[in-house]
Amino acid sequence: MKICFVAWNPFGAGGISRVVSLLASELSKEHDISILCLKRNPGNYYNMDLSKIRMSSYEQSLFSKVRREILNRIEKYVPLYKFDIVNRNYINIRYPHSFRKHIINYINQNNFDVVIGATGLQEAVLIGGISNKIQAKTLGWLHTTFDLYFNKQKGKMYYDNTLIRSRYFLNKLDGCIVLSRYDQQKLAIENIKSYAIYNSIRLPIVKSDIHSGNYKRIIYAGALNRYVKGVDVLIDGFKIFSQKNHDWCLDIYGEGPDRDFLEQKIIEYDLSERVSIHSYTAHIEDEFAKSDLLLFTSRIEGFGLVMIEAMSGGLPVVVSDLPITRELVKDRGVGWLFENGNPEDLADKLFEAVNADLKLYSHNALHYAETFSVEKIVKKWTELCEIKK
């Protein structure tokens, strides 16, 4: 098959870039793969073999970007979704003819069998909007949860405009790929056809023995922000835990807007000898190998690939109770769920974890991570792509 990924993501460091790069690389072993990046000078942080994968780029003009931003601002205050003529012509309003024509011509001239809006809702909506002008099967890949894409906390106008417009164009695709059964059910309510396919990892991520608690080290790896990643719950929960436990430490790896907040809390809570913050590392697997638990405190999450990567190294996990973590972790003997946003319950679950038989949980985690091997996940993608349009 000839498969084209259309992506706004510039393929630098990051979770979406990583999973798309891995899938494209694995598919390229059996199929003809191209990537059309809608940014100039895309990167290749995760080392795709560009002798097998054709990477092209085309970026919007400055005028087009300004036009798009103006529309974004209008949508916050004006109920555009109430006007059917706007819904039907939204793609034409948002993107100039020259931009749409370039993408359509690129796809049709290359005779692709499948085109995937590959790095989020924006590309999925765009591909849906031009699907009647391209010959290929069209798919959209949604990388975060329905509840974050269509967030009522951003205001009713934003929610209604985004949901109704997206529903209109996602329905024009041959299908959407989501990361959980929860999101598949949410899209079904909106009558949007979708398929649940988990993100993948290349095994082994970490060459590790079974973890038994000898390191007495808890690790967090992710962005340092409160609203999405819950790093306030992270530090508050560990503070409470540290009052009952006096030998386990916490190492935090990542960057983000709330690093200063965390550093201040570490001083305020007198945890400088037990909590350390480190910059992002491209070799987080080396740190997993020297840890005994992964802590995952997100308030909202599409998938949480770091959980799977940690489990592939034998790390049990302590995770916030979300639809995706419930689906991936509950009743599998690989970790503990704590009430989302509740530092007291997090502390209780940490105390339970450090006093449990970690060898058993570690063994279960290693075995369960095999479910997400790229070889298994790519078979599901191949089967989906082979379904006739």
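Structure first, text after, so check above.
Residues numbered from 1 in each chain as written. Predicted model: local features only at pLDDT ≥ 70, side-chain atom pairs only at ≥ 80, totals over all residues. Heavy atoms only, no water.

Time to look at the nonpolar core. One finds Phe5, Ile116, Trp141, Leu294, Phe303, Met311 and Leu328 to be the most contacted residues of the largest nonpolar core, which totals 56 residues. Residue contributions to this core peak at six residues, all from helix 13 (residues 305–312). Of all hydrophobic cores here, the second largest spans 38 residues; its members include Val86, Ile103, Phe150 and Leu170. (Core = buried A, V, L, I, M, F, W, Y, C linked by side-chain atoms within 4.5 Å. Buried < 20%, exposed > 50% of the residue type's maximum accessible area, 1.4 Å probe, protein only. Helix = DSSP H or I, 4+ residues; strand = E, 2+ residues; numbered from the N terminus.)

In this section: the state of the cysteines. Applying the stated criterion across every chain yields a total of zero disulfides. Cys4 provides the cysteine sulfur closest to Cys37, a residue in no disulfide bond, and the two sulfurs are 11 Å apart. (Disulfide = S-S within 2.5 Å.)

Now for the pattern of salt bridges. For the coordinates displayed, the defined rule picks out 24 salt bridges. Close ionic contact of Asp247 with Lys216 constitutes a salt bridge, the shortest N to O distance being 4.0 Å. Here the residue Asp247 occupies a position in the loop between helix 10 (231–244) and strand 9 (249–253), and Lys216 occupies one in the loop between strand 7 (194–196) and strand 8 (217–221), the gap between them amounting to 31 residues. A relative accessible area of 44% places Asp247 in the partly exposed class. Its salt-bridge partner being Lys349, residue Asp345 comes within 2.8 Å of it at the nearest N-O pair. Within this pair, Asp345 and its partner Lys349 are both found in helix 15 (residues 343–354), separated by four residues, close to a single helical turn. Among the residues examined, Asp345 registers a relative accessible area of 16% and is labelled buried. In the salt-bridge network here, residues are joined through shared partners; they are Arg217, Asp251, Glu287 and Lys290. (Salt bridge = Lys/Arg side-chain N within 4 Å of Asp/Glu carboxyl O.)

Moving on to the side chain of Ser166. As for its placement among the helices and strands, Ser166 is situated in helix 8 (residues 156–170). The exposure class of Ser166 is buried, given its relative accessible area of 1%. Sequence-distant contacts of Ser166, that is, excluding residues within four places in its chain, are made with Leu121, Val125 and Phe150. (Contact = heavy atoms within 4.5 Å.)

To continue, consider a nonpolar patch on the surface. A cluster of nonpolar side chains, namely Leu62, Val66, Ile70, Ile74, Tyr77 and Val78, defines an oily patch on the protein surface of about 600 Å² accessible area. Relative to the helices and strands, Val66 is located in helix 2 (residues 62–75). For Val66, a relative accessible area of 42% gives the class partly exposed. (Patch = residues over 30% accessible without salt bridge, like charges linked within 9 Å, V, L, I, M, F, W, Y side chains within 5 Å. Areas by Shrake-Rupley, 256 points an atom, 1.4 Å probe, with all protein chains shown as cover.)

Attention now goes to the sheet that holds strand 2 (residues 32–37). On the basis of which strands lie adjacent, the open sheet formed by seven strands has the order 3-2-1-4-5-6-7 and parallel pairing. Bordering the open sheet on either side are strand 3 (53–57) and strand 7, each of which pairs with just one other strand. Geometrically, the sheet is characterised by an average inter-axis angle of 20° between neighbouring strands, direction not taken into account. One ladder, built from three bridges, connects strand 5 (residues 137–141) with strand 6 (residues 175–178); its direction is parallel. If you follow Trp141 over to strand 6, its bridge partner there is Ile177. (Pairing = 2+ DSSP bridges. Axes fitted to C-alpha atoms, helices over the stretch in contact; angles between N-to-C directions.)

So, about the packing of aromatic side chains. Under the defined criterion, the tally for this structure stands at 17 aromatic pairs. Aromatic pair Phe303 and Phe372: ring centres 6.2 Å apart, planes at 70°, arrangement edge-to-face. Residue Phe303 is located in the loop between strand 11 (293–296) and helix 13, and its partner Phe372 is located in the loop between helix 16 (358–369) and helix 17 (374–386); the two are separated by 69 residues in the primary sequence. The exposure class of Phe303 is buried, given its relative accessible area of 2%. On the basis of relative accessible area, Phe372 is assigned to the buried category, the value being 0%. Where Trp336 meets Tyr361, the ring centres are 4.2 Å apart and the plane angle is 25°; that geometry is what we call stacked. On the criterion of sequence distance, the pair formed by Trp336 in strand 13 (residues 335–338) and Tyr361 in helix 16 is long-range, its members being 25 residues apart. (Phe/Tyr/Trp six-rings, centres within 6.5 Å; stacked < 30°, edge-to-face > 60°.)

Before going further, it helps to examine the environment of Asn92. As for its position among the elements, Asn92 is in helix 4 (residues 90–94). A sequence separation of 40 residues divides Asn92 from Asn132, and the C-alpha atoms of the two residues are 13 Å apart. If sequence neighbours within four positions are ignored, Asn92 has contacts with Arg67 and Arg100.

The next point concerns helix 15. In an α-helix, one turn spans 3.6 residues; hence positions three or four apart end up facing the same way. The terminal C-alpha atoms of helix 15 lie 16 Å apart, and with twelve residues this matches the ideal 16 Å at 1.5 Å per residue to within 8%. As for helix 15, its buried residues are in contact with strand 8, helix 10, strand 11, strand 12 (317–320), strand 13 and helix 16. The backbone nitrogen of Glu344 has a side-chain oxygen 3.0 Å away, supplied by the residue at the start of helix 15, namely Asn342. (Expected span 1.5 Å × (residues − 1). Polar contact = N/O pair within 3.5 Å; in protein donor to acceptor, adjacent residues only side chain to side chain.)

Here we take up the environment of Phe296. Tracing the backbone through its elements, the reader meets Phe296 in strand 11. Taking relative accessible area as the criterion, Phe296 reaches 5% and is therefore assigned buried. Sequence separation between Phe296 and Glu26 is 270 residues; the distance between their C-alpha atoms is 28 Å. With residues near it in sequence (within four places) discarded, Phe296 still touches Glu301, Gly304, Val306, Met307, Val318, Val319, Ser320, Thr325 and Phe338.

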